[in-house]
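# An overview of the molecular structure
One-letter residues, chain by chain:
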Amino acid sequence: MAHVNEHYFKLKAGYLFPEIARRVNSYCDSNPDADVIRLGIGDVTEPLPPAIVSAMHQAVDEMAQRSSFRGYGPEQGYDFLRNAIVEHDYQSRGIDIAADEIFVSDGSKCDSGNILDIFGPHNVVAITDPVYPVYVDTNVMAGRTGEADESGRFAGLVYLPIGAENGFTPDLPETPVDLIYLCYPNNPTGTVLTREHLQQWVAYAQQNDALILYDAAYEAYISEADVPHSIYELDGAREVAIEFRSFSKNAGFTGTRCAFTVVPKSLTGSREAGQRESIHALWNRRQSTKFNGVSYVIQQGAAAAYSDEGKQQIQELVAFYMTNARLLREGLEAVGIQVYGGVNAPYVWLKTPGEQSSWDFFDQLLEQSHLVGTPGSGFGASGEGYFRLSAFNSRENIEQAVKRFQSLVS
Ligand SMILES: *Cc1c(COP(=O)(O)O)cnc(C)c1O
């Protein structure tokens, strides 16, 4: 008899985005003329920067010649890309990371899920609430939780609420934890941690022999000076943190697929008998066994993100989305809606007007304004009463959306 993974049945039935799609489709079926604007899913809308496209074209041509054709590449990524990452993302900020500590992959979503392969079943896991759902669901699948309660919180996970009352800054846990997921700039709230706050987390991890899984997918959107771009800017982080980075949100690679994970050689974890083991060696073993590398063509495209032209074009892309975020933020504030985020991240997180529940506001916005956003409660119990808007859209749609918001509220 083939037995299935029992833990999957603890997952909540409808993942957030399918439920949104269901409600939007049902509305559109009964209102075919409604001009619905979607500010929901966090996917980019602008095409790939020309410097990247041209590098990919060239790489395709190389694959067409016997003399420059390439088969399997290194599972950890080509040196040309690992070196470019180290030079431009780390050395340029005075951060000590070596090329062989970079593991190139086809996405941070998979890396942040796959990383659990190398950790034992008894780790206590802390996540912020609200949170990027992948961290929760992958731990449920791995059997590291009990069942969910009515609010959707899983037994065994340590939830760190982030909301207006604590400035979206998670307090240190009251009970000991072993693995801590931090995502900054944050999806879904669009908020950031200051250097000082992040340093407290690094210190916590050092004192409690914990490990931080730091997701910096939105690093390129940081505009304020005191916000760390990498966790390795902080003292001691090389001993306690893994960092996930992606080309999805800065260079528009959501459909092209390229990311990387930084695993310093100084990281260790404990075996059951107490012996220390290298996290780097374990991740390398895992990747070499279960992954065969990212396509050469795609890695050449990613490397072009670090050329002078590529950097310039990416900066323009980011600036375009951040102008959208500013228009959303200012437009909503002008009619008295309380908004957060949108300064160092392409997400605006708003307090629902009139204390409505997140889903009630979703329905109202869809039916009266033909706008789609994401209910905050879908990201965790503490997201109730909040709502996420994404700045990934055309300027025209953003301007139209702001007008509709304003006439809904005023
Ligand atoms: C978009 C996003 C990523 C990137 O995932 P990819 O698989 O690299 O596309 C990672 N983390 C968060 C929180 C995100 O929103």
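So, here's what we can say about the structure. (Residues numbered from 1 in each chain as written. Predicted model: local features only at pLDDT ≥ 70, side-chain atom pairs only at ≥ 80, totals over all residues. Heavy atoms only, no water.)

## Here we look at the site of the ligand
Near the ligand, the surroundings consist of 13 residues, among which Asp215, Tyr218, Ser246, Ser248 and Lys249 are the closest. Between an oxygen atom of the ligand and a main-chain N or O atom of Lys109, the distance comes to 2.9 Å. Here the ligand, which alone exposes 390 Å², has 93% of that area covered by the protein. Of the residues that constitute the shell around the ligand, the class distribution is four nonpolar, five polar and four charged. (Near = heavy atom within 4 Å. Polar contact = N/O pair within 3.5 Å; in protein donor to acceptor, adjacent residues only side chain to side chain. Areas by Shrake-Rupley, 256 points an atom, 1.4 Å probe, with all protein chains shown as cover. Nonpolar A, V, L, I, M, F, W, Y, C, P; charged D, E, K, R; others polar.)

## Comments concerning the side chain of Asp89
Relative to the helices and strands, Asp89 resides in helix H3 (residues 79–90). A polar contact of 2.6 Å, which involves the side chain of Asp89, links it to the side chain of Tyr306. When near neighbours in sequence (up to four residues on either side) are disregarded, Asp89 contacts Ala84, Ile95, Arg245, Phe260 and Tyr306. (Helix = DSSP H or I, 4+ residues; strand = E, 2+ residues; numbered from the N terminus. Contact = heavy atoms within 4.5 Å.)

## So, the packing of helix H9 (residues 308–333) against helix H11 (residues 395–409)
Look at H9 against H11: their axes get within 9 Å of each other, and the N-to-C directions meet at 10°. In this view, H9 runs roughly parallel relative to H11, as classed from their interaxial angle. Taking contact as the criterion, the partners of Phe320, Thr323, Asn324, Leu327, Leu328, Gly331 and Leu332 in H9 are, on H11, Arg395, Ile398, Glu399, Val402, Phe405 and Gln406. Looking at the contact of H9 with H11 residue by residue, the classes come out as seven nonpolar, four polar and two charged. (Axes fitted to C-alpha atoms, helices over the stretch in contact; angles between N-to-C directions. Parallel < 35°, antiparallel > 145°, perpendicular 65-115°, else oblique.)

## Some points on the sheet that holds strand E15 (residues 386–390)
In space, the four strands of this open sheet follow the order E11-E12-E15-E14, with antiparallel pairing throughout. The two strands at the open ends of the sheet, each matched to only one other strand, are strand E11 (339–341) and strand E14 (374–375). Inspection of the sheet shows strand E12 (residues 347–351) paired to E15 by five bridges, in the antiparallel sense. Across the sheet, the residue bridging to Trp349 is Arg388, located in E15. (Pairing = 2+ DSSP bridges.)

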